[in-house]
Amino acid sequence: QVQLVESEGGLVQPGGSLRLDCHASRIIFSVVDMAWYRQAPGKERELVAEITKSGTTNYADFVKGRFTISRDNALSTVYLQMNSLKPEDTAVYYCSLPALNAWGRGTQVTVSS
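(A) Broad picture of the state of the cysteines. Tallied over the full model, the rule gives one disulfide. Linked covalently through their sulfurs, Cys22 and Cys95 form a disulfide whose S-S length is 2.1 Å. Looking down the S-S bond of the Cys22 and Cys95 bridge, the torsion is -80 degrees, so its handedness is left-handed. Of this pair, Cys22 sits in strand S3 (residues 18–25) while Cys95 is found in strand S9 (residues 91–97), placing the two residues 73 residues apart along the sequence. In terms of burial, Cys22 and Cys95 fall into one category: buried.

(B) Up close: the environment of Ala60. You can see Ala60 is positioned in the loop between strand S6 (57–59) and strand S7 (67–72). C-alpha separation for the pair Ala60 and Ala49, spaced 11 residues apart in sequence, amounts to 6.1 Å. Apart from residues no more than four positions distant in its own chain, Ala60 is found in contact with Leu47 and Val48.

(C) Seen up close, the pairing of S9. For S9, the tally of buried residues reaches six of seven residues, placing the bulk of the element in the interior. Here strand S4 (residues 34–39) pairs with S9 via five bridges, running antiparallel. When the sheet's bridge partners are listed, Ala35 is paired in S9 with Ser96. Here S9 pairs with strand S11 (residues 107–111) via three bridges, running antiparallel.

(D) A look at the sheet that holds S7. Spatial ordering of the open sheet is given by S1-S3-S8-S7, a layout of four strands whose pairing is antiparallel. On the outer flanks of this sheet lie strand S1 (3–6) and S7, each paired with one strand and no other. Each adjacent strand pair in this sheet contributes to an overall mean axis angle of 15 degrees, direction not counted. Here six bridges tie S3 to strand S8 (residues 77–82), and the two strands are oriented antiparallel to one another. Bridging across to S8, Cys22 finds its partner in Val78.

(E) Structural context of the packing of aromatic side chains. Under the definition given, this model contains two aromatic pairs. Aromatic pair Tyr37 and Trp103: ring centres 5.0 Å apart, planes at 65 degrees, arrangement edge-to-face. You can see Tyr37 sitting in strand S4 and its partner Trp103 sitting in strand S10 (residues 102–103), a full 66 residues away along the chain. With relative accessibility at 32%, the residue Trp103 sits in the partly exposed group.

Calculation criteria
Residues numbered from 1 in each chain as written. Predicted model: local features only at pLDDT ≥ 70, side-chain atom pairs only at ≥ 80, totals over all residues. Heavy atoms only, no water. Disulfide = S-S within 2.5 Å. Helix = DSSP H or I, 4+ residues; strand = E, 2+ residues; numbered from the N terminus. Buried < 20%, exposed > 50% of the residue type's maximum accessible area, 1.4 Å probe, protein only. Contact = heavy atoms within 4.5 Å. Pairing = 2+ DSSP bridges. Axes fitted to C-alpha atoms, helices over the stretch in contact; angles between N-to-C directions. Phe/Tyr/Trp six-rings, centres within 6.5 Å; stacked < 30°, edge-to-face > 60°.

That's the geometry; what it means functionally is another story.
Structure, rendered in structure tokens:
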């Protein structure tokens, strides 16, 4: 059964940056598409970014130009580089493997001064 483990998030000031990592195990990582979702208080979970097995990316409008999703197949890891963070980015961020409906535990990112 696939396992997804995110790195710890943290507290970041507005305008700051943070990188999240997600390591996948018990899967041939190179053949699956990956995604990052987030869920803010009082809101439903929403797609942040996705990346195909070949490296094609897609982003939600609210993060375009600020976030970058990438992957390292040799390390079975997907990354979310978050720059120019805003308070409204505060949420629990989840790594996912959509084809298997697999999810990481989630990691808290708080953007506040």
